[in-house]
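For reference, the chains in residue letters:
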Amino acid sequence: MLNTLFPNVKWFDLVIATGETFYMTLIALVGTLILGIALGLLLYLTSKGNVWQNKGLNFIVATVVNVFRAIPFVILILLLFPFTDFLIGTLRGPNAALPALIIGSAPFYGRLVEIALREVDKGVIEAAKAMGAKTSTIIFKVLLKESTPALVSGLTVTAIALIGYTAVAGIIGAGGLGDYAYYYGFQRQASDVLFMCTVLIVIIVFVFQIIGDTITNKLDKR
Amino acid sequence: MITINQLSKVFQTNNASITAVDKLDLSINNGEIFGVIGYSGAGKSTFIRLINRLEEPSSGEVTIDDQTITALSKKQLRLSRQEIGMIFQHFNLLWSRTVRQNISFPLEIAGVAKAEREERVDELIRLVGLSGREDAYPSQLSGGQKQRVGIARALANRPKVLLCDEATSALDPETTDAILSLLVDINKQLGLTIILITHEMHVIQKICHRVAVMEQGAVVEEGNVVDVFSHPKQSVTKKFVEQVMGKPEEQATDETFMHHVEQGKVLRLHFVGETANQAVISQVAKQFKVDLNILHGNVKQTQAGAYGTLYVQITGEEVEITKAIDHIKSIAVEVEVKGHA
Ligand SMILES: Nc1ncnc2c1ncn2[C@@H]1O[C@H](COP(=O)(O)OP(=O)(O)OP(=O)(O)O)[C@@H](O)[C@H]1O
Ligand SMILES: [Mg+2]
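Conventions and cut-offs
Residues numbered from 1 in each chain as written. Chains lettered and ligands numbered in written order. Predicted model: local features only at pLDDT ≥ 70, side-chain atom pairs only at ≥ 80, totals over all residues. Heavy atoms only, no water. Helix = DSSP H or I, 4+ residues; strand = E, 2+ residues; numbered from the N terminus. Buried < 20%, exposed > 50% of the residue type's maximum accessible area, 1.4 Å probe, protein only. Contact = heavy atoms within 4.5 Å. UniProt positions renumbered as here; feature names shortened; annotations may be inferred. Pairing = 2+ DSSP bridges. Buried area = accessible area lost by both parts, 1.4 Å probe. Salt bridge = Lys/Arg side-chain N within 4 Å of Asp/Glu carboxyl O. Polar contact = N/O pair within 3.5 Å; in protein donor to acceptor, adjacent residues only side chain to side chain. Expected span 1.5 Å × (residues − 1). Near = heavy atom within 4 Å. Areas by Shrake-Rupley, 256 points an atom, 1.4 Å probe, with all protein chains shown as cover.

Visitor: I would appreciate a short explanation of the overall build of chain B in the present structure.
Guide: Along chain B, the regular secondary structure elements total 12 helices and 14 strands. In terms of overall dimensions, chain B has a C-alpha envelope of 75 × 50 × 35 Å along the principal axes. Each of the 341 residues in chain B was classed as buried or not, and the buried ones make up 52%. Intrachain contacts of chain B at a sequence separation of at least 6 include 69% that bridge at least 24 residues.

Structural data, given as structure tokens:
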């Protein structure tokens, strides 16, 4: 039945492609989370009225973030070819897509982190200071802890953008559903393959959204 | 003893410099509840935040016992702050933590071991009357309960001093009274010094031993609460006293009573911080063959006893009346005989 409806779909390859998309998204998400939180913290803490207030550093970080966010993802991949080649040793396959995926989405997530941190009540930070808290305690136990729901919902938005990026990276040979859709669906004019890939990507997006929303709601005690 | 010496804070803004606290001098005794009152913008919050250096002073000194807070390094200051509790108008609880976890936070900061922390938290929950609510999140609590968490949290590391910035301003009158009584209990039980900022004179009247009135960054009047109430000198102070006692012209004049008084005498009893006061009227009525009829009065309870005036009509035999008046005088209530019927 399935084979008559989707004559061109090779189910085993499709499963592999789906796995690759998951793999790229998840690994890149971990990288984005770490780099994005670091960037967001740096942006927040160096801004006016905060512990590491530093106009110069804040300006530099903000500029880097803005520049990377301005570069279209396809171009970013191309620009990063030498760096990727040096780091991963190849330009093909899911691993080769990771540097571009992380560098492409971390600045975006960094801004979301900054916004989330700004939402933390200044009074609570003040209360922690009045208790004699160290800066590291304030960062981990107040700032990051109190903003967790916003950090998770920001990460959900970022994950969905990342799934889109993996499809773009697929066209340059990164593997995954984008790759499969382009080479086996589009170039061979097999609309059933294109269709099946689309459905799977939409499902993946939904899965991430549902998981993200559930975690956010669980964490939000406001 | 907390000594504040020539303390100043100047804020630099783009086009002006604002002197929020201006060469302020004050000393606060250990174990007392010291109130600071002033209108909005007087510099009260800035002052209390200078005490634990949430705001860095522009000049001057703060000394608590033998430690000069203003001379401490950042690290020493962090340790010192663990001995200075603070509560806030808007409670400032961590909403991601339960009541228990919020109270535990300062103990975590101080590096207290887990078992000891839990024991201390249980103790504090009982002290502030939050038993049964320990696993609730702040969003599930009323304002009064939130402030109880704030108080427990501030007391966790057994501080010597408790700073309260408008701690009851976000609460309704009944809850305010409950929180104020809790503060009095804590002050008595733990012998802790409390510095309390407010713009409401009834807060001062109810719980403070001494009060300082602030205006434009400086203390313009200070003293025992009863003294300040009975002899306010500055016009700000007079206005604050009126908040509680009413305007002098609103107090009925002596003549108005006279109309209704057909027999006996009218006495004006003036209470200035007596402690035996509440029983005076009933005692006199029991001990002497006189009848007492309260005509008019305005008496407020302060930490040092009652303060205010009471007009009573006294009837009976002349001898008994004289004995009664002498007795009232002997328990240190000023008596003035206003007239005969
Ligand atoms: N961070 C700041 N920067 C500039 N000016 C400030 C700052 N904080 C306070 N001020 C100014 O200092 C003065 C005193 O403010 P403060 O908050 O201490 O008053 P307050 O007596 O606590 O008033 P309220 O009863 O309204 O809380 C005000 O004129 C205020 O505008
Ligand atoms: Mg204030």
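Moving on from the coordinates now.
Visitor: Looking at this structure, how should I read the UniProt feature "transmembrane region" (unreviewed entry) in chain A?
Guide: Residues and elements named next belong to chain A. Per the UniProt record, "transmembrane region" (unreviewed entry) is annotated on residues 22–45, 57–84, 96–113, 150–173 and 193–212. Between the end C-alpha atoms of residues 57–84 the distance is 27 Å, and the span holds 89% helix and 0% strand. For the annotated span residues 193–212, helix accounts for 100% and strand for 0% of the residues, and the straight-line distance between the end C-alpha atoms is 29 Å.

Visitor: Which parts of the structure should I look at to understand the sheet that holds strand S1 (residues 2–12) of chain B?
Guide: Residue and element names in this part refer to chain B. The four strands are arranged S2-S1-S4-S5 in an open sheet whose pairing can be described as antiparallel. Either end of the sheet is taken by a strand with one partner, and the two such strands are strand S2 (17–28) and strand S5 (67–68). Summarising the sheet, strand S4 (residues 59–64) and S5 pair through two bridges and their orientation is antiparallel. Each bridged residue has a counterpart across the sheet, and for Ile 64 the counterpart in S5 is Gln 67.

Visitor: Please explain the interface of chain A and chain B as it appears in this structure.
Guide: Many authors give the size of an interface as the accessible area that is lost as the parts come together. Taken together, the contact between chain A and chain B spans 22 residues of the former and 22 residues of the latter. It is A:Met131, A:Glu146 and A:Lys221 that lose the most area in chain A upon contact with chain B, and together they represent 33% of the buried surface on that side. Inspection of the chain A/chain B interface yields two salt bridges. Note that B:Glu108 and A:Lys141 form a salt bridge whose closest N and O atoms lie 2.7 Å from each other. Applying the counting rule to chain A against chain B returns seven residue pairs in polar contact (both at pLDDT 80 or more). Counting only elements with at least two residues in the side of chain A that touches chain B, the list comes to helix H7 (122–130) and helix H8 (135–146) of chain A.

Visitor: Teacher, can you tell me more about the UniProt feature "domain: ABC transmembrane type-1" (unreviewed entry) in chain A here?
Guide: The UniProt record annotates "domain: ABC transmembrane type-1" (unreviewed entry) at residues 18–212 of chain A. Secondary structure content for residues 18–212 of chain A is 83% helix and 0% strand, while the C-alpha to C-alpha distance between its ends is 20 Å.

Visitor: Got a minute to help me understand helix H6 (residues 173–190) of chain B in this structure?
Guide: Note: α-helices contain 3.6 residues per turn, so residues at a spacing of three or four share the same orientation. Residues and elements named next belong to chain B. An ideal rise of 1.5 Å per residue puts 26 Å on 18 residues; H6 measures up with 25 Å between its terminal C-alpha atoms. Residues of H6 that are buried include every one of Thr 176, Ile 179, Leu 180, Leu 182, Leu 183, Val 184, Ile 186 and Asn 187, and no others. N-cap assignment for H6: the residue whose side-chain oxygen lies 3.2 Å from the backbone N of Glu 174 is Asp 172. The positive-phi residue at the C-terminal boundary of H6 is Gly 191, with phi of around 65°.

Visitor: Would you explain the site of ligand 1 in this entry?
Guide: Residue and element names in this part refer to chain B. Not every one of the 13 residues close to ligand 1 is listed here, only the nearest: Ser 40, Gly 41, Lys 44, Ser 45 and Thr 46. In the environment of ligand 1, an oxygen atom lies 2.9 Å from a nitrogen or oxygen atom belonging to the backbone of Gly 41. Contact between ligand 1 and Gly 43: an oxygen atom at 3.0 Å from a main-chain N or O atom of the residue. Protein contacts shield 61% of the accessible area of ligand 1, which totals 630 Å² for the unbound molecule. Of all the elements in the fold, those that place two or more residues in the shell around ligand 1 are S2 and helix H1 (44–51).

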